[in-house]
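# Structural characterization, general
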Amino acid sequence: MTDIPSGHKPEIPPGRSPVSRFAGLVHRYREFALISRDPVLFMSLLFCGLFLLVFVFFPLARAISSGFINKEGLFDLKYFARYFDSYYGPVMRQIFWNTIRMGVLSSVIGTLLGFVFAFAMVRCQIPGKRWVHLIAMVPTVSPPFAIALSTILLFGRNGLITKQLLGLNYNVYGMQGLVFVQVITFFTVSYLILRAMLERLNPAMEEAAESLGAGRFHVFRTIILPLLIPGLAGSVLLLFVESLADLGNPMFIAGNMTVLSTQIFLAVIGEYDYQKASALAFVLLVPTLFVFLVQRYYVNRRSYISVTGKPSGSAPVEKSRLIRWTCIAITYLGCIFIILLYATVVYSSFTSAWGVNYAPTLRWWNDALTRGVEAILDTTFLSALGTPVAALIGMVIAFLIVRKKFSGKEILDFGSNLGGAVPGTILGIGFILAFKKGRVVMASILYAILALFFIFFATPSRREQVIMLILGTGIGLAVHFLAPQLGLKPLMYTYSGIYLGLAVISLVRRRKLGFYTFLGIAAYSALFNLVDIIAVPIAVAGRNMERGFWSSALYQMADYIKVPFQLSPVLLGMALLFITALVVRSENSRLRLPLGVIALALPCVLFYHGMPLALTSTPYIILAAYIVRSLPASVRAGVAALQQIDPSIEEASQILGADAQYTFRKVTLPLILPALLAGLIFSFTRHMTSLSAIIFLVTARWRIVTASIMSDFEQVGLMGASAYSTIIIVLVLIAIGVINLITRRVLRGRGDVDISMGA
């Protein structure tokens, strides 16, 4: 054996050896085998992973890839080449640089304004602190274009201040107006980030520097600013992404200037050219995704070095009267301006014709509550339905990220934030391209993953696993191919009978879990059809009433009743596999094999029924888009709350014999309840005010109020759009009030929900 000289390392061939790769696979298999011992934990991880795969990664992949494929299915770089073309190039490059310049100006100015607000709140003992905070939070609960509306009303060509009071012919449209509304719309994000950092700074270092004779500017430059650099950088990057992703404000106030988000919108709505829209989406995605990754890097490496866990005292008060009162004055002026802008929106909704006739009228509210009531009710219903789902998924993902170690955790974390980081227009295009027609390949991938999960989860016997997979899949495919014209309603009646029979067998054998599970599935399958018996008379009654709010509300209610009970076949099949896997796993007799075959075959039929994953024109595609867009806020709120809880509390529960679901439900959930409620607030607010990701998904049957605002802005005018905007703000404020009321009753004096947790 040859000796290796001291200090000399043997050469390692590039790449991993087959042995190391095999060892890595074995390690991951054992890792997930260990997780699978806790059924609920394993199912939660699989569910979250599949949700991100179907509704985040798949749509984004479709949105990006479609820019490189033409209508004939051939590789085509036509729209990318236009950036270097002598004819199209100058205009395309100008639009790109307009977008970047708008994002840079909005993010820098918005961060400066947010810092002034945060500094005044933390260091300047500003009078009326609670009211200042509430006013600063108002832009987060309003539609994205409410500020643009009020800016046009006040400073437009016929604006109240510029034209009526000052007699100026001022043109607010263009870059300067767009940057102004973006700053007011998004500065709250910067304020929340920087306020949290300022509150956590240890004052001891500043006091030591001042005792050594350092001036205020020197202390700020050498101590405060370096500690705030991660927060300032993160704020600038986050506001940059938000500004580039916004569609509402550029559509209203950009004037003749075009940015990428509006160009993408016009490519879809005006030209019906999805390849062009996807190509533009890719161009917009490159800077936003790059900045998002840089922002995540700063956030992850951010370390509040001054926070040592020891008492550090309260934040010091700014001693310089000039600095203190300058910050207070700017903050008060900002608050007054915010109040003026939103008061203008509300007042204009009661005005006959802004700039011409200021006489009060209820015409615009009457239109909104009659002609537009469908959009208002649809938005409220879908937002309320998606909010608890988004908050719960966010809490589960946060729990997995903070408390568990497994391969792919970084992908889970990244994917949960990606849906809110990419521009909504890109996500909307991806949803249309991914779910506008049947996706047999994607449905097959989902079925393969869940079928493997089912058999490995249901039985430890390799023989039974193979038989279950072959027979269950074979029977399901045979039914699909032998009865291709079988309608969904007869199929669901058949399922109801089969599951009812399984429930009876479980009852005879005294299997409580099987009895209640199969009975519930049988009842749900029957309601898939029986719900029409309830819904149709309600719809007819609404039709027969005199046209108005109550007739529209009653007619809409007929459809709302159907939504929970008439899931898309693929989604229903996924749910059945998750639910019945627990029942088959609990079975330890000879009936486990036939039961597993039946429980696998029935969902298999649903995965291939009709046009799999064709979700367009259904409420489920809007719900999925809502959840994806609001998921990052729920995850951030959950992570922030879990990081403050000592893991030993949960470990004590597990030592005493509790599994993951019991520990999460009885120990973790009560402790993170404030974060859960904060996630509910942010999710509902985001759903009600969402535009860019939803505007491509609306149909004549399922309307969204933000899209109606854009339609009224173009067809009716500013006053009609103001009425819709005011209604959204009122509904969101009512929801926040209700959630806070529930909070005070549930938490019983533990304090109000800190809604800044999800920001």
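The following paragraphs examine the structure supplied in this document. (Residues numbered from 1 in each chain as written. Predicted model: local features only at pLDDT ≥ 70, side-chain atom pairs only at ≥ 80, totals over all residues. Heavy atoms only, no water.)

Now for the packing of aromatic side chains. Taken as a whole, this structure holds 34 aromatic pairs when the rule is applied. Ring centres of Phe42 and Phe453 lie 5.8 Å apart, and the angle between their planes is 40°; this geometry places the pair in the tilted category. Taken together, the residues Phe42 in helix H2 (residues 39–65) and Phe453 in helix H19 (residues 440–458) connect sequence positions 411 residues apart. For the pair Phe42 and Phe453, one class covers both residues: buried. Relative to Phe431, the ring of Phe55 has its centre 6.3 Å away and its plane inclined at 20°; by these criteria the two rings are stacked. Pair noted here: Phe55 is in helix H2 and Phe431 is in helix H18 (residues 424–435), with a separation of 376 residues, a long-range link. Feature note: the residues Phe42, Phe47, Phe51, Phe55, Phe58, Phe431, Phe435, Phe453, Phe457 and Phe578 constitute an aromatic cluster, connected by ring pairs. When the ring centre of Tyr88 is taken as origin, the NZ or CZ atom of Arg82, which lies over that ring, is 4.1 Å away. Directly above the ring of Phe457 sits Arg585, whose terminal nitrogen or CZ lies 4.4 Å from the centroid. (Phe/Tyr/Trp six-rings, centres within 6.5 Å; stacked < 30°, edge-to-face > 60°. Helix = DSSP H or I, 4+ residues; strand = E, 2+ residues; numbered from the N terminus. Buried < 20%, exposed > 50% of the residue type's maximum accessible area, 1.4 Å probe, protein only. Lys NZ or Arg CZ within 6 Å of the ring centre and 35° of its normal.)

Moving on: the packing of helix H16 (residues 373–403) against helix H23 (residues 549–562). Remark: H16 packs on H23, axes separated minimally by 9 Å, with the N-to-C direction vectors making an angle of 40°. Considering their axes alone, H16 and H23 lie oblique with respect to each other. Crossing of H16 against H23: the hand is right-handed. Packed against H16, whose contacting residues are Val373, Glu374, Leu377, Asp378 and Phe381, the element H23 presents Phe549, Ser552, Ala553, Gln556 and Tyr560 at the interface. Among the residues making up the contact of H16 with H23, the classes are represented as six nonpolar, two polar and two charged. (Axes fitted to C-alpha atoms, helices over the stretch in contact; angles between N-to-C directions. Parallel < 35°, antiparallel > 145°, perpendicular 65-115°, else oblique. Left-handed = near helix turned anticlockwise from the far one by under 90°. Contact = heavy atoms within 4.5 Å. Nonpolar A, V, L, I, M, F, W, Y, C, P; charged D, E, K, R; others polar.)

This part covers empty space enclosed by the protein. The full count for this structure, using the stated rule, is two cavities of 30 Å³ or more. By volume, the second largest cavity amounts to about 30 Å³. Residue lining of the second largest cavity: Trp364, Asp367, Ala368, Arg371, Asp712, Val716, Gly720, Ala723 and Tyr724, and that is the complete set. Of all the elements in the fold, those that place two or more residues in the lining of the second largest cavity are helix H15 (363–370) and helix H31 (718–747). Of the residues assigned to the lining of the second largest cavity, the class counts are five nonpolar, one polar and three charged. (1 Å grid on protein atoms, 1.4 Å probe; cavity = no way out; pocket = protein on both sides within 12 Å on 5 of 7 lines; lining within 4 Å. Points joined across faces, edges and corners; volume = space filled by probe spheres on them.)

Turning to the pattern of salt bridges, a few remarks are in order. Within the structure shown, the criterion is met by ten salt bridges. Where Arg701 meets Asp378, a salt bridge forms, and the shortest distance between an N and an O atom there is 3.7 Å. On the criterion of sequence distance, the pair formed by Arg701 in the loop between helix H29 (673–689) and helix H30 (705–715) and Asp378 in helix H16 is long-range, its members being 323 residues apart. What makes Arg701 partly exposed here is its relative accessible area of 25%. Between Asp559 and Arg701 there is a salt bridge, and its shortest N-O distance comes to 2.3 Å. In this pair, Asp559 is assigned in helix H23 and Arg701 in the loop between H29 and H30, connecting sequence segments 142 residues apart. Given a relative accessible area of 17%, Asp559 falls into the buried group. Within this structure, Asp378, Lys489, Asp532, Asp559, Lys562 and Arg701 form a network of salt bridges that share partners. (Salt bridge = Lys/Arg side-chain N within 4 Å of Asp/Glu carboxyl O.)

Here the focus is the side chain of Ser552. Residue position: Ser552 is located in helix H23. Only 3.4 Å separates the side chain of Ser552 from the side chain of Glu374, close enough to count as a polar contact. Setting aside anything within four residues of it in sequence, one finds Ser552 in contact with Thr370, Val373, Glu374 and Arg547. (Polar contact = N/O pair within 3.5 Å; in protein donor to acceptor, adjacent residues only side chain to side chain.)

Here we take up the state of the cysteines. Here a disulfide denotes a covalent bond joining the sulfur atom of one cysteine to the sulfur atom of another. Under the criterion given, the structure shown has zero disulfides. Free cysteine Cys124: the closest other cysteine sulfur is in Cys327, separated by 4.7 Å. Classification of Cys124 by relative accessible area gives buried; the value is 0%. (Disulfide = S-S within 2.5 Å.)

The biggest cluster of nonpolar side chains holds 221 residues, and the ones touching the most others in it are Phe431, Phe435 and Phe454. Ignoring any residue separated from it by four or fewer positions in sequence, one finds Phe435 in contact with Val54, Phe55, Phe58, Pro59, Leu613, Ala614, Leu615, Thr616 and Ile621. (Core = buried A, V, L, I, M, F, W, Y, C linked by side-chain atoms within 4.5 Å.)

Where empty space is left becomes clear once a probe the size of a water molecule has been rolled over the atoms. The space that makes up the second largest pocket amounts to roughly 1,500 Å³. Together, 47 residues line the second largest pocket, and Phe47, Val389, Leu392, Ile393 and Ala575 are the ones closest to its centre. Counting only elements with at least two residues in the lining of the second largest pocket, the list comes to H2, H16, helix H21 (488–508), helix H22 (512–544), helix H24 (569–586), helix H26 (619–642) and helix H28 (660–671). A per-class count over the lining of the second largest pocket returns 42 nonpolar, four polar and one charged.

Next up on the list: helix H20 (residues 462–482). Spanning 21 residues, H20 covers 30 Å between terminal C-alpha atoms, matching the ideal 30 Å at 1.5 Å per step. Of the positions making up H20, those classed as buried are Glu464, Gln465, Met468, Gly472, Thr473 and Gly476. The arc that holds every buried residue of H20, seen down its axis, measures 135°, which confines them to one face. Residues of H20 that are exposed and point over 90 degrees away from its buried face: Arg463, Ile470, Phe481 and Leu482. Those residues of H20 hidden inside the fold are in contact with H19, H24 and helix H25 (592–607). (Expected span 1.5 Å × (residues − 1). Arc of directions from axis to C-beta.)

What follows is about a nonpolar patch on the surface. On the surface, Val104, Leu105, Val108, Ile109 and Leu112 cluster together to form a nonpolar patch covering roughly 390 Å² of accessible area. Summarising the element assignment, Ile109 is placed in helix H4 (residues 89–123). (Patch = residues over 30% accessible without salt bridge, like charges linked within 9 Å, V, L, I, M, F, W, Y side chains within 5 Å. Areas by Shrake-Rupley, 256 points an atom, 1.4 Å probe, with all protein chains shown as cover.)

Those residues of H15 that fall on the buried side of the exposure criterion are Trp364, Trp365 and Ala368. Projected onto a plane normal to the axis of H15, the buried residues spread over an arc of 100° and lie on a single side.

With that settled, consider the packing of H19 against H20. Closest axis-to-axis distance for the H19/H20 pair is 9 Å, and the angle between their directions is 145°. H19 and H20 meet at a crossing whose hand is right-handed. Listed contacts from H20 to Tyr447, Ala451, Leu452, Phe454, Ile455, Phe456 and Ala458 of H19 are Arg462, Gln465, Met468, Leu469, Gly472 and Thr473. When grouped by side-chain class, the residues that make up the contact of H19 with H20 number nine nonpolar, three polar and one charged.

Right, let's talk about the side chain of Ser383 for a bit. In this structure, Ser383 sits in helix H16. Its relative accessible area of 0% is what places Ser383 among the buried residues. Here Thr379 takes part through its backbone oxygen, which lies 2.6 Å from a polar atom of the side chain of Ser383. If sequence neighbours within four positions are ignored, Ser383 has contacts with Tyr626, Phe684, His687 and Met688.

Pairing of strand E1 (residues 351–353) with strand E2 (residues 357–360), which is carried by two bridges, proceeds in the antiparallel orientation. Opposite Ala353, over in E2, you have Asn357 as the bridge partner. Remark: three residues form the turn of the hairpin made by E1 and E2, two consecutive strands paired antiparallel; Gly355 in that turn has positive phi of roughly 90°. (Pairing = 2+ DSSP bridges.)

Attention shifts here to the environment of Ala641. Mapped onto the elements of the fold, Ala641 is located in helix H26. Assessed through its relative accessible area of 9%, Ala641 is described here as buried. For the pair Ala641 and Ala398, spaced 243 residues apart in sequence, the C-alpha to C-alpha distance is 9.2 Å.

On the secondary structure map, Pro569 appears in helix H24. Residue class for Pro569 comes out buried when judged on its relative accessible area of 18%. Along the sequence, Pro569 and His609 sit 40 residues apart, while their C-alpha atoms lie 6.8 Å from each other. When neighbours within four sequence positions are excluded, Pro569 is seen to be in contact with Leu488, Leu606 and His609.

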